[in-house]
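Residue-level listing of the chains:
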Protein chains: 2
Amino acid sequence: MIAKGQDNRQSIVNAANELFYRRGYNQTSFAEIADASGIPKGNFYYYFKSKDELLEAVIAERVQQVKAMLVEWDAQFPTPRERLQRFLSMLLASEEELTRHGCPMGTLNMELGKIQQTLQSRAMEMFEVFINWLTCQLDALGHGEETSALAMHLMARVQGISLMTHAYSDPVFLRREVAQLRNWVDQL
Amino acid sequence: MIAKGQDNRQSIVNAANELFYRRGYNQTSFAEIADASGIPKGNFYYYFKSKDELLEAVIAERVQQVKAMLVEWDAQFPTPRERLQRFLSMLLASEEELTRHGCPMGTLNMELGKIQQTLQSRAMEMFEVFINWLTCQLDALGHGEETSALAMHLMARVQGISLMTHAYSDPVFLRREVAQLRNWVDQL
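All of these numbers come straight from a predicted model, not from anything done at the bench.

Procedures and definitions
- Residues numbered from 1 in each chain as written.
- Chains lettered and ligands numbered in written order.
- Predicted model: local features only at pLDDT ≥ 70, side-chain atom pairs only at ≥ 80, totals over all residues.
- Heavy atoms only, no water.
- Salt bridge = Lys/Arg side-chain N within 4 Å of Asp/Glu carboxyl O.
- Helix = DSSP H or I, 4+ residues; strand = E, 2+ residues; numbered from the N terminus.
- Buried < 20%, exposed > 50% of the residue type's maximum accessible area, 1.4 Å probe, protein only.
- Domains from an automatic or database assignment.
- Contact = heavy atoms within 4.5 Å.
- Buried area = accessible area lost by both parts, 1.4 Å probe.
- Phe/Tyr/Trp six-rings, centres within 6.5 Å; stacked < 30°, edge-to-face > 60°.
- Lys NZ or Arg CZ within 6 Å of the ring centre and 35° of its normal.

Pairing is possible between side chains that carry opposite charge, provided their charged atoms lie close to one another. Taken as a whole and judged by the stated rule, the model has 12 salt bridges over all chains. Between A:Arg175 and A:Glu95 there is a salt bridge, and its shortest N-O distance comes to 2.9 Å. Highlighted residues: A:Arg175 in helix 10 (residues 171–186) and A:Glu95 in helix 6 (residues 95–101), separated in sequence by 80 residues. Residues B:Arg83 and B:Asp74 are paired through a salt bridge, measuring 3.5 Å at the closest nitrogen-oxygen approach. With a relative accessible area of 16%, B:Arg83 lands in the buried category. The exposure class assigned to B:Asp74 is partly exposed, which follows from its relative accessible area of 28%.

Structure follows, in structure tokens:
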């Protein structure tokens, strides 16, 4: 029964994760998550007292996925420059999703940043994990005191590219801009 | 009576414009717009059949404001480089709003870009007006075939900076990044 409960909870989180990304948080209802997960809406309250609590579980899930991905990159690529290039490859690998729905992290933070600041401060954990990792790589490249500013700069570039790719539904723009950022990383 | 009707309509558009920016489009109700404008909610339907129609009026208002601002900059600054610098000064002048609510154009497009693509295609007009103007300035600087890509690049930089300034509520980041973009424009 415990395993079954965990499965149900995970099914709800997975469906919510996908729908919050594709539809936005506020535009997604429990009814839609119930449809997508196959778990009756009435059962949701056993696992989550509110939609906000479900969002927190989704954020925790995303943070865990990002951390696992970064550990894998660290293991796979020995040099900080290769790791930063792997980070940029992620944009190209997500071309279709970025073009259709934008960056999961950027769009969620923008949405919550309007009038749901408490939730947004939770969603910031995704940014923090990336920024800390980028800072480590830039530090290893010997950028000293600049590293934190450079990490923020790189993330801003990536967010701007994601936003315009989504707004214009333009994968050609995405590829051109990522190529420029690749050069920027090579010249660091 | 026509003048009064126009005043009421404009009051609704002004209140909606402000609230859509501060709260987001989907998180703003007619009741809130009625409160802010002082026009009873029941009267709204005389001017706007739906919230979507009101959004279109808000977008038209914003587009008109942007166009008027660009005409003013063109009159005030004789060289394309000065005009591009004026464009960047706008970010610093909007520091408080950007930090609290993000870019009005970027956040609206991100919100609508999830599942309201028809409305988002209307909201794109704001981007188009800026991009066309940036393209004109870059063309005047002699960038030839590159101009359109450069205009998109500059807008992506500005959007990325706005997004991170909002996400981190960090005006220091804003100032640092705008200073970098100022150098970039000087070196064009």
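Residues and elements named next belong to chain A. By the assigned domains, chain A splits into domain 1 (1–49) and domain 2 (59–187). Each of domain 1 and domain 2 was reduced to a C-alpha centroid, and the two centroids are 27 Å apart. Each side of the interface is counted separately: domain 1 has 11 residues, and domain 2 has 14 residues. In total, about 900 Å² of surface goes out of reach between domain 1 and domain 2, with carbon and sulfur atoms giving 46% of it.

With that settled, the discussion passes to the interface of chain A and chain B. Taken residue by residue, the interface counts 39 residues in chain A and 39 residues in chain B. If you sort the residues of chain A by the area they bury against chain B, A:Met110, A:Lys114 and A:Tyr168 come out on top, with a joint share of 21%. For the interface between chain A and chain B, the tally reads 0 salt bridges. Of all the secondary structure elements, the ones that give two or more residues to the side of chain A that touches chain B are helix 1 (2–23), helix 6, helix 7 (104–115), helix 8 (117–140), helix 9 (147–168) and helix 10 of chain A. Here the element with the most residues in the side of chain A that touches chain B is helix 9 of chain A; it accounts for 14 residues.

A separate point is the packing of aromatic side chains. Here the distance between the centres and the angle between the planes together describe a pair of aromatic rings. All names here are of chain A. Under the criterion given, the structure shown has 16 aromatic pairs over all chains. Aromatic pair Phe87 and Trp133: ring centres 6.4 Å apart, planes at 50°, arrangement tilted. Taken together, the positions of Phe87 in helix 5 (residues 80–93) and Trp133 in helix 8 put the pair 46 residues apart, joining distant regions of the chain. Given the relative accessible area of 6%, Trp133 is considered buried. A network of ring pairs unites the aromatic residues Trp73, Phe87, Phe130 and Trp133 as a single cluster. Above the ring of Tyr25, the side-chain terminus of Lys51 is found at 4.6 Å from the ring centroid.

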